[in-house]
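# Geometric and topological summary
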Amino acid sequence: MIRRPAKIAPPKGKLGVLTPGMGAVTTTFIAGVELIRRGQAAPIGSLTQMGTIRLGKRTEHRSPAIKDFVPLAKLDDLVFGGWDIFPDDAYQTARKAGVLSAEHLERVKPFLSSIRPMKAVFDRRYVRRLDGTYLKRGSSKWDLAQQLQEDIEKFRATSGAKRLVMIWCGSTEVYMKPHRLHRDLASFEKALKQNHEAIPPSMLYAYAALRCGVPFANGAPNLTVDIPALQDLAQEKRVPVAGKDFKTGQTLMKTIIAPGLKSRLIGLHGWFSTNILGNRDGEVLDDPESFKTKEESKLGVLEYILQPKLYPELYGGFSHVVRINYYPPRGDNKEGWDNIDIFGWLRYPMQLKINFLCRDSILAAPLVLDLVLFLDLAQRAGLRGIQEWLSFYFKSPMCAPALYPEHDLFIQLMKLKNTLRWLRGERLITHLGTEYYD
Ligand SMILES: NC(=O)c1ccc[n+]([C@@H]2O[C@H](COP(=O)([O-])OP(=O)(O)OC[C@H]3O[C@@H](n4cnc5c(N)ncnc54)[C@H](O)[C@@H]3O)[C@@H](O)[C@H]2O)c1
């Protein structure tokens, strides 16, 4: 039984948010935070800002706002920095990304224009569709990782931030399997010095963050911090980590619908998902190697939610296909189609069709905000290593090696809220409810 952290340090002073990758998601997040703190917009989609949490018995009618229940940093205390392979400031990038309206962007133009990226660590071998110019030079990956640590410490000093959090919002890297050099920290550091190809840029950022004691979350499906070497480092430095791959559009819907079908024991023959997407993320994912990283991340969810081994007659051998097509006219406004072939009583077939006209970065921005605030909370509460209670936010949740990831959105939410109750010494809610009838 894990003991409840004795005390949560208060969120005093500024909280610095560092994002490797300052593209559509990052700039939508930053612009949104600024509009919200000026009172010109509402934080729709953010659990930390709009969510409530029930405490005690239903008869007690206690449901405070989450932000009043746990000590979270205030939006006014957030300061921003990051890296990109292009030198554009956050305003220019946001204009090009075309997510937010000109009207919204003009209101925060001076603020966004003041946020300029630092030079990135980048290598085209890991993101083939991009070619940046705004890059660090270094004699080895080790040297580049040291430069990133210097950036972090410089940002800490110049921004006046008391605490920092890093969220990877960079492009999806090519598919990589865990390598023997990822197994322990000594091998990993040796590989950095030897410039080994098993270490992509995202791992350098994660390594630098952990070395500097900065919590790290991975918004993309890359391995990044999901390797034993970096998890050991997180334990050693007492830093929380989370990942991978923000759970937004189609996969969010999948993890809402699939638990519902399963709860009614409705069978599944197949689930075909396709998307059109025209932003830079879509362009990167047009490369088969980057797409494979995303595909692996997207395919896992049904297998874990439906548990075909436990329900062979309902879910043994269903087909699951996921496609993403790069289609520039749509920009960030992704359109997803799902065709779901299901069957019911006596095996009679039925179909479900979902056409989701979503906005990728609009769905992702509140997740970035929640992860920043919850990772900072986790660190102040003394939690370290993988934060499974943050699975709620990810398509491919990280978990201990002996476990399978929990993908069901409703179980994930219960886990998250129970973790908050546990942190504050409140009773966990099991929904048993027998006490009302005794
Ligand atoms: N928007 C969503 O709904 C969503 C959901 C899940 C995951 N993601 C992931 O989040 C990431 C960001 O998405 P986006 O729409 O903002 O993409 P984007 O292409 O607009 O932004 C990514 C930025 O990262 C930069 N970059 C790439 N490699 C870098 C490196 N090594 N160092 C620093 N910067 C680097 C690129 O230049 C680009 O500006 C992508 O990996 C995407 O797959 C997004």
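Residues numbered from 1 in each chain as written. Predicted model: local features only at pLDDT ≥ 70, side-chain atom pairs only at ≥ 80, totals over all residues.

### Details of the overall build of the protein chain
Formally: Helical segments are the DSSP runs of H or I of at least four residues, strand segments are the runs of E of at least two, and each set is numbered from the N terminus. For this measure, only C-alpha atoms enter the radius of gyration; the expected value for a globule follows 2.2 Å times N^0.38, where N is the number of residues. Here, residue contact means that the backbone-derived C-beta atoms of the two residues sit within 7 Å.
Within the protein chain one finds 16 helices and 11 strands. Against the 2.2 N^0.38 benchmark of 22 Å for 438 residues, the protein chain shows a C-alpha radius of gyration of 22 Å, consistent with a compact globule. The dimensions of the protein chain, computed from C-alpha atoms along their principal axes, are 65 × 50 × 50 Å. For the protein chain, contacts bridging at least 24 residues in sequence account for 78% of all contacts bridging at least 6.

### Quick word on the site of the ligand
Inclusion rule: Here is the check we use: build the C-beta atom from the backbone, and if it is within 6 Å of the molecule or strand, call the residue near. Note on residue classes: Ala, Val, Leu, Ile, Met, Phe, Trp, Tyr, Cys and Pro are nonpolar, Asp, Glu, Lys and Arg are charged, and everything else, Gly too, is polar. Either an automatic procedure or a domain database provided the assignment from which the domain bounds are taken.
Every one of the 35 residues lining the ligand counts as a neighbour, but G21, G23, A220, T248 and R280 are closest to it. Grouping the amino acids of the shell around the ligand by side-chain chemistry returns 19 nonpolar, 11 polar and five charged. Residues lining the shell around the ligand come from more than one domain, with at least three contributed by each of domain 1 (14–246 + 361–423) and domain 2 (249–357).

### Here's the deal with the environment of E283
With respect to the element layout, E283 can be found in helix α12 (residues 280–285). For the pair E283 and Y327, spaced 44 residues apart in sequence, the C-alpha to C-alpha distance is 8.4 Å.

### With respect to the sheet that holds strand β3 (residues 118–119)
Stated precisely, the cut-off is as follows: Paired strands are those between which DSSP finds at least two bridges. Between N-to-C directions, angles cover 0 to 180 degrees, with each direction set by a line fitted to C-alpha atoms, over the stretch in contact for helices.
Pairing within the open sheet is parallel, and its seven strands lie in the order β3-β2-β1-β4-β5-β6-β11. In the strand order of this sheet, the two ends are held by β3 and β11 (385–386), each with one partner. As paired strands, strand β4 (residues 161–168) and strand β5 (residues 216–218) are joined by three bridges and run parallel to one another. Directly across from W168, in β5, lies its bridge partner N218. In the packing of helix α15 (residues 360–380) onto the sheet, contacts are made with β1 (14–20), β4, β5 and β6 (240–243), and the angle to β4 comes to roughly 130°.

### With respect to helix α8 (residues 185–193)
Short version of the rule: Any residue with 12 or fewer other C-beta atoms within 10 Å of its own C-beta is exposed, any with 20 or more is buried, and the rest are partly exposed; the C-beta atoms used are placed from the backbone. The directions considered for the arc are those from the helix axis to the C-beta atoms.
For α8, the full list of buried residues reads F188, A191 and L192. All buried residues of α8 lie within an arc of 105° about the axis, which places them on one face of the element. The inward-facing, buried residues of α8 abut α7 (141–159) and α10 (228–237). Of the residues flanking the end of α8, it is N195, one or two places downstream, whose phi is positive at about 60°.

### Focus on the nonpolar core
For clarity, the threshold we go by: For our purposes the nonpolar core covers buried Ala, Val, Leu, Ile, Met, Phe, Trp, Tyr and Cys residues that link as a set through C-beta atoms within 7 Å.
Ranked by internal contacts, the top residues of the largest apolar core, which has 99 residues, are I167, L204, A209, V368 and L371. For this core, the element with the highest residue contribution is α15, accounting for 12 residues. In this view, I167 contacts V17, T19, A217, G219, V368, L371 and V372; residues no more than four positions away in its chain are not counted. By size, the runner-up hydrophobic cluster in this structure holds 11 residues, among which are L268, V301, L306 and I340.

### Some thoughts on the domain arrangement of the protein chain
Here the protein chain is partitioned into domain 1 (14–246 + 361–423) and domain 2 (249–357). For domain 1 versus domain 2, the separation of C-alpha centres amounts to 26 Å. Residue-level contacts link 28 residues of domain 1 with 27 residues of domain 2. Contributions of two or more residues to the side of domain 1 that touches domain 2 are made by α15 and α16 (409–423). Class assignment of the residues belonging to the side of domain 1 that touches domain 2 gives a composition of 13 nonpolar, eight polar and seven charged.

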